[in-house]
Structure formats: structure tokens, C-alpha cells
Amino acid sequence: MNTLSVQINDHLHYIGVNDRDTRLFENLWPLEHGVSYNSYLLTGKKTALLDTVKITKVDTFVEKIQEVLGDRPLDYLVVHHMEPDHSGSVRTIKQLYPDVTIIGNKRTADFLNNFYEITDGIQIVEDGETLDLGDQKLTFYTTPMVHWPESMVSFEETTGTLFSQDAFGGFGALNGPIFDDEINWEFYAQETVRYYSNIVGKFSKQVQAALKKLGGLDIKMICPVHGPIWRDNPGKIVDLYDRLSRYESEEGVVIVYGTMYGNTEVMAETIARTLAEEGIKNIIVHDVSKTHNSYILTDIWQYRGLILGSCTYNNYLFPYMHNLLNVIKMNRLQNHILGMFGSFSWSGGALKALQEFGDTCEYDVIQTTAEAKGAAKQEDLEACRQIGKEMAAKLKALRTE
Ligand code: FEO
């Protein structure tokens, strides 16, 4: 009996690994709950390894491969995606199995050379091409910019299994359960939305194109390279990715403020209270100095209303707020209602910069703003209340749509 790998069906094994050591994914995004690097091994008439894992986990990974393969050779290594959390162990696999044929597209071959100086033993496949494994068949579909240019998926038609690389993935180590019918989805749902908004969201247009391209396949199981395997209800994760990539959001408001001495915070509190009095239930307030952009972006992705407030720092935005605006712009977030406020001590700058940000986005911008000199006075707080009322009115108007 296998102890490390998990047998999915007669000829498919899960040989992924968990990473609970790495603090920041891509050295950017917190991994508070870890992440899994999923890999799969097909063991029919031919053997095929589908993606590898981050190099730091190579020892456990190789042990799992050897446990499943025993003395059998490895015929193919399919590289669906070249980001090093999946390609990091390709060189090791090639050393262990020198006769292995690496399957990738033309862009994959460029990356293999650029990252690892691997140029031989590569078989290039085209979009729609099928690799015959004897009793199984893998058909490849390119999914460019979901989320790298070489990204592709493969579909094993005899079992209806889609190997989807990063698509349909999420953060969170697999702590025992690996299938959708074994997990606590409430936990993984949040980690999946965070993964989507942080890693894939910028390419939502391309995600929509990929969903359309794969829409005709009779998918019975989805095996992504992060997060749970979807064997019970693959439609659930497809629906979630569809909604997120269409920028569908719920009624609610995320208020993010940058403050040094608490004056801007008071304005944020006033707006939050007004929203509650106006009947808005989902109100999230973040201090931009304390909460990582990863979590702020996740919340913003889910709720329609966004209200940004910043104190003035050296005639400009508070630095953490500047950083957040860059992250929002980089991820091409759409379909939001935006409100803005700020404060300053002796000369303005923050609110003006927020308004310039608002001008570059295609958001529904609330024209009322609030700007306090020092501590907010009654007229400033009244302007904050007005922002809250206008935001609530715009959100409530959407209820009937
Ligand atoms: Fe999980 Fe884009 O790598």
C-alpha cells in the first residue's frame, strides 16, 4: 500500500507536496496557511509525470515518484506551466530519468532554456494536439496568460480529467484532505479567492477566454497544481473562477485608510458608521499600514464599494496607500464604486493623488470628498457622512437590477 502518494483512480496518482515553510509566495504574498504544489503521475501503458514541484520540496517529491513507479521508466514529463513552483524540479527529474521526453509548447521550450538551460529531449506540442499514451490520451490546450505566456492545460479524455495548472487553484496547504468532497470549503473558498485576486486576477480577460475554450469538454474531474482536486463537483470551482473573472461582486464596502496620528482613522470610522445606518451589512475596514495588500485586495475583489482615505505624507499619499493603489492598478480591478477622503497638516496632496487615481480607473466615482486640516471638524465629518450616504444609495440602487 502506498503511504506517501494518493491513488486517484486505476492509473492516476497524486504525488503533490505541501509547503508550510515559505512565508511569501512569489516573495510577495503571505502564506499564512501554506500552499500545496500538486503533481500527478499517470501509470498506464506509458508513464507520464504532470508538472513538478518547488525545488525546496524535491526530496519528498522524488520519494513519492519512486514509490509509485518502482522500476518502471518515466516516459514523459508534461510541463503545463513554467513558474518555478512547478518547474523547479524539472532538472532533477531529467537527471533521474535521462530518457524522459519533456512535453511543452514552443514558449515552454524558451523558458526551459532560459531558466534551466535544458534544450534537449523536448517534444513541442501544438494547441489541440493529442499525445497517445496507449490506454490514455492527453490533449493539450494553450491558455496564454493564465497566467504566463506558455501556460497550457491538458485533458485526459478516457476519464474526463482536466489537468489545469494554476487555473482553478488556491492557497492553503492540503492538510490531509485532498479532494473537494473531503475539505472544509469555507476555509479554502477564502484562500482560493485570495489566490485568484493576488495571482491570476490581472489576467481575468484571458481567464474568460480559457473558460470559453474549455467549455465544450466533458470535464469530470479537475486536477489543478494548487489546492483541492475537484472530483465531486468540478462545476463549483469553474463557477467561482467565472464569477471572479467577470468582476462579479457582492453588496458591501471596503474602507481602507492610511493614518499617522488617527485623524484619518476618525473619518473612516464616521463613514463606516454611516454605511451601517444606511443599511449596508458588509463593511470591512482596513488600516493599510497593518493589513497586507494580499488580504485587502481579496476583500476589494469581493465587494462592490471601495472607499480610500489617506493622510498626506511629504505632500503626497501615505506610502502604504501609494503601494496599495499600485497593486489595484496592476491587477486591473474593474466594476467598483469609489469614494475618497484625506487629511493634511500644513499642505494637501493625498486627496489630490487619490482623485488622480480615480480619474485613471473606470469606476463609478462618488463626487463628494472630504479633506480635513489636522483633526476632522464638524463640516469634514458631515462630508464623510455624505460619502457614506452616497455610497449606500448607489449600492442599494443596484439591488433592483
Ligand atoms: Fe503556481 Fe504560476 O505558479
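Residues numbered from 1 in each chain as written. Predicted model: local features only at pLDDT ≥ 70, side-chain atom pairs only at ≥ 80, totals over all residues. Heavy atoms only, no water.

**Student:** Please give an account of the state of the cysteines that cites residues and values.
**Tutor:** Applying the stated criterion across every chain, the model contains zero disulfides. Note on Cys-311: no disulfide assigned, nearest cysteine sulfur contributed by Cys-384 at a separation of 14 Å. With relative accessibility at 5%, the residue Cys-311 sits in the buried group. (Disulfide = S-S within 2.5 Å. Buried < 20%, exposed > 50% of the residue type's maximum accessible area, 1.4 Å probe, protein only.)

**Student:** Residue-level account of helix α1 (residues 58-69), with values.
**Tutor:** The end-to-end C-alpha distance of α1 is 16 Å, a good match for the 16 Å that 12 residues give at a rise of 1.5 Å each. Along α1, the positions that sit buried rather than exposed are Val-58, Phe-61, Val-62, Lys-64, Ile-65, Val-68 and Leu-69. With its buried residues spanning 160° around the axis, α1 presents them on a single face. Contacts from the buried residues of α1 go to β2 (12-14), β3 (17-19), β7 (40-43), β8 (47-50) and α3 (90-96). Remark: Gly-70 follows α1 within two positions and exhibits a positive phi of approximately 60°. (Helix = DSSP H or I, 4+ residues; strand = E, 2+ residues; numbered from the N terminus. Expected span 1.5 Å × (residues − 1). Arc of directions from axis to C-beta. Contact = heavy atoms within 4.5 Å.)

**Student:** Describe the pairing of strand β22 (residues 364-373), with residues and values.
**Tutor:** Where strand β21 (residues 337-344) lies against β22, seven bridges are found, and the strand directions are parallel. Note on β22: the bridge partner recorded for Ser-343 is Ala-372. (Pairing = 2+ DSSP bridges.)

**Student:** Summarise the pattern of salt bridges; cite the residues concerned and give the values.
**Tutor:** The final tally for this structure, using the stated rule, is 15 salt bridges. Here Asp-19 ties to Lys-54 by a salt bridge, and the two come within 3.9 Å at their closest N and O atoms. Within this pair, whereas Asp-19 is found in strand β3, its partner Lys-54 is found in the loop between β8 and α1, the two being separated by 35 residues in sequence. Arg-385 is the salt-bridge partner of Glu-382, the closest N and O atoms lying 3.2 Å from each other. Taken together, the residues span about one helical turn, with Glu-382 and Arg-385 both in helix α12 (residues 378-397) at a distance of three residues. Residue classification places Glu-382 among the partly exposed positions, given a relative accessible area of 37%. With relative accessibility at 27%, the residue Arg-385 sits in the partly exposed group. (Salt bridge = Lys/Arg side-chain N within 4 Å of Asp/Glu carboxyl O.)

**Student:** Describe the packing of aromatic side chains, naming the residues involved and giving the relevant values.
**Tutor:** Tallied over the entire structure, the rule returns 18 aromatic pairs. Consider the rings of Phe-187 and Tyr-188, whose centres lie 4.8 Å apart with planes at 80°: the pair is edge-to-face. Between Phe-318 and Tyr-320, the aromatic rings sit 6.0 Å apart at their centres with planes inclined by 55°, giving tilted as the arrangement. Counting every residue linked through ring pairs, the aromatic cluster contains Phe-168, Tyr-196, Tyr-241, Tyr-247 and Trp-301. Above the plane of the ring of Phe-179 lies Arg-231, whose end atom (NZ or CZ) is 3.6 Å from the centre. (Phe/Tyr/Trp six-rings, centres within 6.5 Å; stacked < 30°, edge-to-face > 60°. Lys NZ or Arg CZ within 6 Å of the ring centre and 35° of its normal.)

**Student:** Got a sec to walk through the domain arrangement of the protein? Specific residues and values, please.
**Tutor:** Split by domain assignment, the protein resolves into domain 1 (6-245) and domain 2 (250-396). With centres defined by C-alpha atoms, the gap from domain 1 to domain 2 works out at 38 Å. With 14 residues of domain 1 at the interface, the matching set in domain 2 holds 12 residues. Roughly 1,200 Å² is buried in total at the junction of domain 1 and domain 2, and carbon and sulfur atoms are behind 55% of that figure. There are zero salt bridges connecting domain 1 and domain 2. Summed over the shared surface of domain 1 and domain 2, the number is six residue pairs in polar contact (both at pLDDT 80 or more). Elements that contribute at least two residues to the side of domain 1 that touches domain 2 include exactly β5 (29-30) and α5 (185-200). (Domains from an automatic or database assignment. Buried area = accessible area lost by both parts, 1.4 Å probe. Polar contact = N/O pair within 3.5 Å; in protein donor to acceptor, adjacent residues only side chain to side chain.)

**Student:** Hey, could you go over a nonpolar patch on the surface for me, with residue numbers and the actual values?
**Tutor:** On the surface, a nonpolar cluster with roughly 340 Å² of combined accessible area is contributed by Met-260, Tyr-261 and Tyr-313. Relative to the helices and strands, Met-260 resides in the loop between β17 (250-258) and α8 (263-277). (Patch = residues over 30% accessible without salt bridge, like charges linked within 9 Å, V, L, I, M, F, W, Y side chains within 5 Å. Areas by Shrake-Rupley, 256 points an atom, 1.4 Å probe, with all protein chains shown as cover.)

**Student:** Now, about the sheet that holds strand β16 (residues 221-224): what can you tell me, with residues and values included?
**Tutor:** The pairing of strands in a sheet comes from backbone hydrogen bonds and takes either a parallel or an antiparallel form. With mixed pairing, the five strands of this open sheet are ordered in space as β12-β13-β14-β15-β16. Sheet topology places β12 (130-132) and β16 at the edges, where each strand pairs with a single neighbour. Here the average twist between neighbouring strands, direction ignored, is 20°. Direction of pairing for strand β13 (residues 137-142) relative to strand β14 (residues 152-156): antiparallel, over a ladder of five bridges. Its bridge partner being in β14, Thr-139 is matched across the sheet by Phe-155. (Axes fitted to C-alpha atoms, helices over the stretch in contact; angles between N-to-C directions.)

**Student:** Go over the sheet that holds β8 with me, naming the residues and quoting the values.
**Tutor:** Taking strand neighbours across the sheet as the criterion, the seven strands line up as β1-β2-β7-β8-β9-β10-β11 in an open arrangement whose pairing is mixed. With partners counted over all chains shown, the strands left at the sheet margins are β1 (6-9) and β11 (122-124), one partner each. Here the strands of the sheet are splayed against their neighbours by 25° on average, with no regard to which way each runs. With three bridges connecting them, β8 and strand β9 (residues 76-78) associate as parallel partners. Paired with Ala-48 across the two strands is Tyr-76, which belongs to β9. With respect to the sheet, α1 is in contact with β2, β7 and β8, its orientation differing from that of β7 by roughly 15°. Against the sheet, helix α4 (residues 106-116) makes contact with β10 (101-104) and β11, and its axis sits at roughly 150° relative to β11, the strand it touches most.

**Student:** Run through the nonpolar core, naming residues and quoting values.
**Tutor:** Leu-308 and Met-321 are the most contacted members of the largest nonpolar core, which has 108 residues in total. Sorting elements by how many residues they give to this core places α5 first, with eight residues. Residue-level mapping places this core at the junction of two domains, with at least three residues from each of domain 1 (6-245) and domain 2 (250-396). With 21 residues, the next largest nonpolar core counts Tyr-257, Ile-337, Ala-383 and Met-391 among its residues. (Core = buried A, V, L, I, M, F, W, Y, C linked by side-chain atoms within 4.5 Å.)

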